[in-house]
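# Commentary on secondary and tertiary structure
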Amino acid sequence: GVGMGMTAPVSITAFPAEDGSLQQKVKVSLRIPSQFQDNPPCPTDESIKIEERQGMTIYSTQFGGYAKEADYVSYAAKLKAALGSDAAYHKDFYLCNGYDPPMKPYGRRNEVWFVKE
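Residues numbered from 1 in each chain as written. Predicted model: local features only at pLDDT ≥ 70, side-chain atom pairs only at ≥ 80, totals over all residues. Heavy atoms only, no water.

## Focus on the sheet that holds strand 4 (residues 94-98)
Across a sheet, strands are paired by hydrogen bonds formed along the backbone, either parallel or antiparallel in direction. Rule in force here: Paired strands, as defined in this entry, are two strands with at least two bridges between them according to DSSP. Only DSSP runs of H or I with at least four residues qualify as helices, and only runs of E with at least two residues qualify as strands; both kinds are numbered from the N terminus onward. Throughout, an axis means a line fitted to C-alpha atoms (over the contacting stretch in the case of helices), and angles, computed between N-to-C directions, take values from 0 to 180 degrees. Should any heavy atoms of two residues lie within 4.5 Å, those residues are counted as being in contact.
Across the sheet, which stays open at both edges, the five strands sit in the order 2-1-4-5-3 with antiparallel pairing between neighbours. Whereas interior strands pair on both sides, the edge strands pair on one side only; in this sheet they are strand 2 (22-30) and strand 3 (58-63). Recorded for the sheet is a direction-independent mean angle of 25° between the axes of neighbouring strands. Alignment of strand 1 (residues 10-16) against strand 4, held across five bridges, turns out to be antiparallel. Pairing of Ile12 across the sheet is with Cys96, part of strand 4. Along the sheet face, helix 1 (residues 69-83) touches strand 2, strand 3, strand 4 and strand 5 (110-115) and points at about 50° away from the line of strand 5.

## Quick notes on helix 1
Stated precisely, the cut-off is as follows: Expected span of a helix: the number of residues minus one, times 1.5 Å. A 1.4 Å probe rolled over the protein chains alone gives each residue an accessible area, and that area as a share of the maximum for its type sets the label: buried under 20%, exposed over 50%, partly exposed in between. By definition, the arc is the one covered by directions from the helix axis to the C-beta atoms.
Compared with an ideal rise of 1.5 Å per residue, which puts 15 residues at 21 Å, helix 1 spans 21 Å between its outermost C-alpha atoms and is within 8% of the ideal. Restricting attention to buried positions, one finds in helix 1 the residues Tyr72, Ala76 and Leu79. Taken around the axis of helix 1, the buried residues stretch over an arc of 65°, which confines them to a single face. For helix 1, the exposed residues set more than 90 degrees away from the buried face come down to Ala70, Ala81 and Ala82. Tucked into the core, helix 1 has its buried residues touching strand 3, strand 4 and strand 5.

## Overview of the pattern of salt bridges
What counts is decided by this rule: Salt bridge criterion: a side-chain nitrogen from Lys or Arg within 4 Å of a carboxyl oxygen from Asp or Glu.
Taken as a whole, this structure holds three salt bridges when the rule is applied. Across the salt bridge formed by Glu51 and Lys27, the nearest N and O atoms sit 2.7 Å from each other. With Glu51 in the loop between strand 2 and strand 3 and Lys27 in strand 2, this pair connects stretches of sequence that are 24 residues apart. Since its relative accessible area comes to 52%, Glu51 is described here as exposed. For Glu111, the salt bridge identified is with Arg109, shortest N-O distance 2.6 Å. The exposure class of Arg109 is partly exposed, given its relative accessible area of 34%.

## Some remarks on a nonpolar patch on the surface
Test applied: Patch construction takes residues with relative accessible area above 30% that form no salt bridge. Like charges are linked within 9 Å, and nonpolar side chains (Val, Leu, Ile, Met, Phe, Trp, Tyr) are linked within 5 Å. In short, Shrake-Rupley with a 1.4 Å probe defines the accessible areas, and a residue's cover is counted only from the protein chains shown.
There is a patch of nonpolar side chains on the surface, built from Val26, Val28 and Leu30 and spanning about 280 Å² of accessible area. You can see Leu30 is positioned in strand 2.

Here you go:
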């Protein structure tokens, strides 16, 4: 019953298939605004879980526009190529992040994150 407004980023945990495409299983995460961090409201929908994301070190790339799945897959492949084979990061998932509301037409920010092991 509490409105929290737009949060950023909207973070989607993607699980790549062997060919680099994304599996149907995804996890969408929204940041709880600062004023609710210490005592977040309890979800009334049991499919919604509150998780604390621990600090992490990431490898990241940024791009603009209205991001589609193909864009995230493409930029993940570019980031993987840029890192080469020596970088240690989780290969079974990566994070797709969007920072802008749908009605913002220009100057959009999207990122792909690989989490360092």
